[in-house]
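# Tertiary structure, described
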Amino acid sequence: MLTTTSRGALQLTATLLTASVALYMALVAFGNITDFGTNQDFVRHVLAMDTTFKDEDLMWRAITNEGVQDAAYVAIIVWETAAALVLVYGTWLWTRPDHARARRVSTYGLLMVMLLFGAGFMAIGGEWFAMWQSEDWNGLDAALRVFVLSGVVLLVNHLPVIHTEKRDAH
């Protein structure tokens with residue numbers, strides 16, 4: 001027998017955790033749009049690799065063209081905004097009866113966040129552009145926090161509802 005309590009608690013948890021990541025991403029995108037210059041500088045420095053060890057074997061990777069740097073930053077903002085919207089929609093779906101659809105949409109949104117922070121910031125920024133070498137422009141810790149948070153929420157969204165049976169006391 002499926003207990004209403006366990007189903008309701010899991011649904012509430014999935015809803016609120018998905019909403020938390022949606023809120024976070026919406027605030028990140030909003031901040032990048034309304035305070036464009038702050039993280040624009042961050043992206044420019046990471047791509048230019050101007051605060052790394054300047055190893056000549058790596059510096060060929062640097063992108064110093066500001067137009068390309070700004071295009072990358074705008075693409076990041078668009079991706080953040082899209083992920084926030086998908087997660088808001090996923091959150092709304094968790095309040096509806098179709099939890100399979102809520103799980104699917106939330107998975108897409110969480111995957112978008114994990115790709116941005118895992119592949120984008122940790123792999124490409126951290127390794128390809130050697131962001132880990134910079135004392136001033138190193139966002140690896142923040143990227144890891146968001147990646148792990150999103151992964152935990154993804155796991156919670158895919159937890160099976162526990163089935164319990166009442167046993168006769170004969």
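First, a word on scope: everything that follows refers to the structure included in this document. These numbers were taken from a predicted model, which means no experiment stands behind them. The numbers attached to residues start from 1 for each chain and follow its sequence in the written order. It should be noted that, the model being predicted, local features are given only for residues of pLDDT at least 70 and side-chain atom pairs only at 80 or more, the latter also being counted only at that level, while totals for whole chains, interfaces and linings use all residues. Side-chain figures throughout are based on the complete set of non-hydrogen atoms in the structure, without hydrogens or water.

### Some remarks on the nonpolar core
Nonpolar cores are built from buried Ala, Val, Leu, Ile, Met, Phe, Trp, Tyr and Cys residues. Side-chain atoms within 4.5 Å join them into one set. The buried label applies to any residue whose accessible area, calculated with a 1.4 Å probe on protein chains only, is under 20% of its type's maximum; exposed applies above 50%, and partly exposed to all values in between. Residues V21, M25, L87, V113 and F117 are the most contacted members of the largest nonpolar core, which totals 26 residues. Those elements giving two or more residues to this core turn out to be helix 1 (4-34), helix 2 (36-48), helix 3 (66-94), helix 4 (99-128) and helix 5 (140-157). Considering each element in turn, this core owes the most residues, 6 residues, to helix 3. Look past the residues within four positions of V113 in its chain and what remains in contact with it is V21, M25, A83, L87, V146 and S150. Here a helix means four or more residues in a row that DSSP labels H or I, a strand means two or more in a row labelled E, and each is numbered from the N terminus. Any two residues whose heavy atoms approach within 4.5 Å are treated as being in contact.

### Considerations on helix 4
Here the bend at each residue means the angle between axes fitted to two seven-residue stretches, the one ending at that residue and the one beginning there. Helix geometry: helix 4 is bent most strongly at F121, by close to 30°. In the segment just after helix 4, A130 is the residue with positive phi, at about 55°.

### Some thoughts on the side chain of R61
Relative to the helices and strands, R61 is located in the loop between helix 2 and helix 3. Under the rule applied, a polar contact is a pair of N or O atoms within 3.5 Å (in protein, one hydrogen donor and one hydrogen acceptor; residues adjacent in sequence only if both atoms are side-chain atoms). A distance of 3.5 Å separates a polar atom in the side chain of R61 from the backbone oxygen of E127. Not counting the four nearest positions on each side in its chain, R61 is found in contact with M49, E127, W128 and F129.

### Describing the pattern of salt bridges
Each salt bridge in this description consists of a side-chain nitrogen of Lys or Arg and a carboxyl oxygen of Asp or Glu lying within 4 Å of one another. Summed over all chains, the structure comprises 2 salt bridges. Salt-bridge contacts for R44 lead to E66; the nearest nitrogen and oxygen are separated by 3.6 Å. Here R44 is found in helix 2, whereas its partner E66 is found in helix 3, with 22 residues between them in sequence. A relative accessible area of 46% means that E66 is categorised as partly exposed. Between D70 and R44 there is a salt bridge whose closest N-O contact spans 2.7 Å.

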